[in-house]
Amino acid sequence: MLQQWHGTMAVWNRCARRGVVNVVREHDWLAAFGTLTGVFLLLQLTLTALAGMAGMRSLLLARAALHLEIQAEASDQQLQTFLSEVQQLSSVEQITYITKEQAYAQMKTREPDLVAFIEEFGMENPFPETVSVVLRSLGDYGTFRQFLQEERWRGVVDPSFLSEQTNQEAEIHELLSITRAAEIAVGILIAVIATTILFVTVELVRERVLRRAEEVLVEHLSGAFPWMIRLPFAIEAMVLLIVATAGSLLVCTLLIAAAGSMGTSLTAGGIVEELVRSTRNILLEKGWMIVVLELVAIPCIGFAGAWLGSIAKMNPRSLILHRH
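Keep in mind that this is a model prediction, so the values were computed, not measured.

## Side note on the sheet that holds strand S3 (residues 130-135)
Here comes step 1: Strand order across the open sheet formed by three strands is S1-S3-S2, with antiparallel pairing between neighbours. Bordering the open sheet on either side are strand S1 (66-69) and strand S2 (92-98), each of which pairs with just one other strand. Across the sheet, the axes of successive neighbouring strands diverge by a mean angle of 20 degrees, strand direction being ignored.
Here comes step 2: As paired elements, S1 and S3 share four bridges and run antiparallel to each other. When the bridges of S3 are listed, His67 appears paired with Ser132.

Right under this line is the structure:
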């Protein structure tokens, strides 16, 4: 049993070495590498676009914060009770209380002309106290709106803000529906690209089988098992796929870095910079999973490509006809 195991492993090692050597033996290896790298680069960029859409969704959710105006007649006790109960809601992720002074300082940064006008005429601080509430998801808007509509909060929160936030909720939902539709389209594109990679691999194996028809015929006549004949072709395909994946990841990383630096330099502090930052964080967090999935898929594509590419040419009659 042990001797049989060692014999099988020796055959595998020999076939693997032949596959690696045959990669550069073929004159078209550079063209094959370029073709696969181009297709894989398209896949990496599509996955990056998918991460960008996820970043856009998180950015929309972060910007969907409710800014509730606190009424001037609300007592400190009512305000503290309101803040405490809002903090305990399971639908609330973050709550921030903004005093009139903090609101004035923020407006001085955002709208310096307006604040300069107020200071010039000696007007009092017109900005009210507010509470900024970030919900865990847009699906929690309805529940939180019902909470604000309770009778006990009518003297605390300005009711006019409810209709404004309802309009904002509808706009955010519309943007998210567009994002989801784009994600579905990108998912279909990823499936098409993956299928294209398989077809390219099948065609590469088929061409190599035809070019080495005499060698394959000799192995058939010598009694070699079909898997022993296909294994070198599968190893060739896997080596090309691995090198193409590494090359496409390198090019994609350089392109993302260049686009990110260009985008942030042109729109520093804007929404583009926030989107780039959010997308980068998603790629850093989930990128390793994408790489692992691709590395796991490479042997599957390699063996499937070798089998599909050689299945029609693996009988001696077909090899003899091609030889002549």
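## Structural notes on the pairing of S3
Here comes step 1: Of all six residues that make up S3, six are buried, and the element is covered over most of its length.
Here comes step 2: In this sheet, S3 lies alongside S2 in antiparallel orientation, the contact comprising six bridges. Following the sheet pairing, Thr96 is matched in S3 by Ser132.

## Topic: the packing of helix H3 (residues 76-88) against helix H6 (residues 141-148)
A pair of packed helices can be characterised by two numbers: the angle between their axes and the separation between those axes.
Here comes step 1: Between H3 and H6, the least distance of the axes is 12 Å, while the angle of their chain directions is 155 degrees. In terms of their interaxial angle, H3 and H6 are classed as roughly antiparallel. The hand of the H3/H6 crossing is right-handed. The segment H3 lies against H6, with Phe82, Glu85 and Val86 engaging Phe144, Phe147 and Leu148.
Here comes step 2: The class makeup of the residues in the contact of H3 with H6 is five nonpolar, no polar and one charged.

## Let's talk about the packing of helix H4 (residues 100-110) against helix H5 (residues 112-120)
Here comes step 1: Put simply, H4 and H5 touch, their axes get as near as 5 Å, and they point 120 degrees apart. As judged from the angle between their axes, H4 and H5 are oblique. Judged by residue contacts, Tyr104, Met107, Lys108, Thr109 and Arg110 of H4 engage Pro112, Leu114, Val115 and Glu119 from H5.
Here comes step 2: Within the contact of H4 with H5, the residues separate by chemical class into five nonpolar, one polar and three charged.

## Comments concerning the pattern of salt bridges
Note on pairing: side chains with opposite charge can pair once their charged atoms come close.
Here comes step 1: Summed over all chains, the structure comprises three salt bridges.
Here comes step 2: Measuring nitrogen to oxygen at the nearest pair gives 2.8 Å for the salt bridge that ties Arg152 to Glu85. Placement of the pair is Arg152 in the loop between H6 and helix H7 (160-211) and Glu85 in helix H3, with a sequence separation of 67 residues.
Here comes step 3: Using a relative accessible area of 42% as the deciding quantity, one classes Arg152 as partly exposed.
Here comes step 4: Residue classification places Glu85 among the partly exposed residues on the basis of a relative accessible area of 25%.
Here comes step 5: With its nearest N and O atoms 2.9 Å apart, the salt bridge here joins Glu151 to Arg154.
Here comes step 6: Note on Glu151: relative accessible area 58%, which makes it exposed.
Here comes step 7: Residue classification places Arg154 among the partly exposed residues on the basis of a relative accessible area of 49%.
Here comes step 8: Taken together, the shared-partner salt bridges connect Glu85, Glu150 and Arg152 into one network.

## A short note on the packing of aromatic side chains
Here comes step 1: Within this structure, the stated rule accounts for five aromatic pairs.
Here comes step 2: Their ring planes at 25 degrees and their centres at 6.4 Å tell us that Phe82 and Phe147 sit as a pair that is stacked. Within this pair, whereas Phe82 is found in helix H3, its partner Phe147 is found in helix H6, the two being separated by 65 residues in sequence.
Here comes step 3: Overall, the relative accessible area of 8% leaves Phe147 in the buried class.
Here comes step 4: Look at Phe147 and Trp153: their rings are 5.6 Å apart centre to centre, the planes differ by 45 degrees, and that puts the pair in the tilted class.
Here comes step 5: Through successive ring pairs, a cluster of aromatic residues spans Phe82, Phe144, Phe147 and Trp153.

## Regarding the nonpolar core
Here comes step 1: Leu36, Phe40, Leu43, Ile197 and Leu241 are the most contacted members of the largest nonpolar core, which has 21 residues in total.
Here comes step 2: Of all the secondary-structure elements, those providing two or more residues to this core are helix H2 (29-63), H7, helix H9 (226-266) and helix H10 (271-310).
Here comes step 3: The greatest single-element share of this core, amounting to seven residues, is contributed by H2.
Here comes step 4: Formed by 20 residues, the second largest nonpolar core is a distinct cluster that contains Leu135, Phe147, Leu148 and Val156.

Analysis parameters
Residues numbered from 1 in each chain as written. Predicted model: local features only at pLDDT ≥ 70, side-chain atom pairs only at ≥ 80, totals over all residues. Heavy atoms only, no water. Pairing = 2+ DSSP bridges. Helix = DSSP H or I, 4+ residues; strand = E, 2+ residues; numbered from the N terminus. Axes fitted to C-alpha atoms, helices over the stretch in contact; angles between N-to-C directions. Buried < 20%, exposed > 50% of the residue type's maximum accessible area, 1.4 Å probe, protein only. Parallel < 35°, antiparallel > 145°, perpendicular 65-115°, else oblique. Left-handed = near helix turned anticlockwise from the far one by under 90°. Contact = heavy atoms within 4.5 Å. Nonpolar A, V, L, I, M, F, W, Y, C, P; charged D, E, K, R; others polar. Salt bridge = Lys/Arg side-chain N within 4 Å of Asp/Glu carboxyl O. Phe/Tyr/Trp six-rings, centres within 6.5 Å; stacked < 30°, edge-to-face > 60°. Core = buried A, V, L, I, M, F, W, Y, C linked by side-chain atoms within 4.5 Å.

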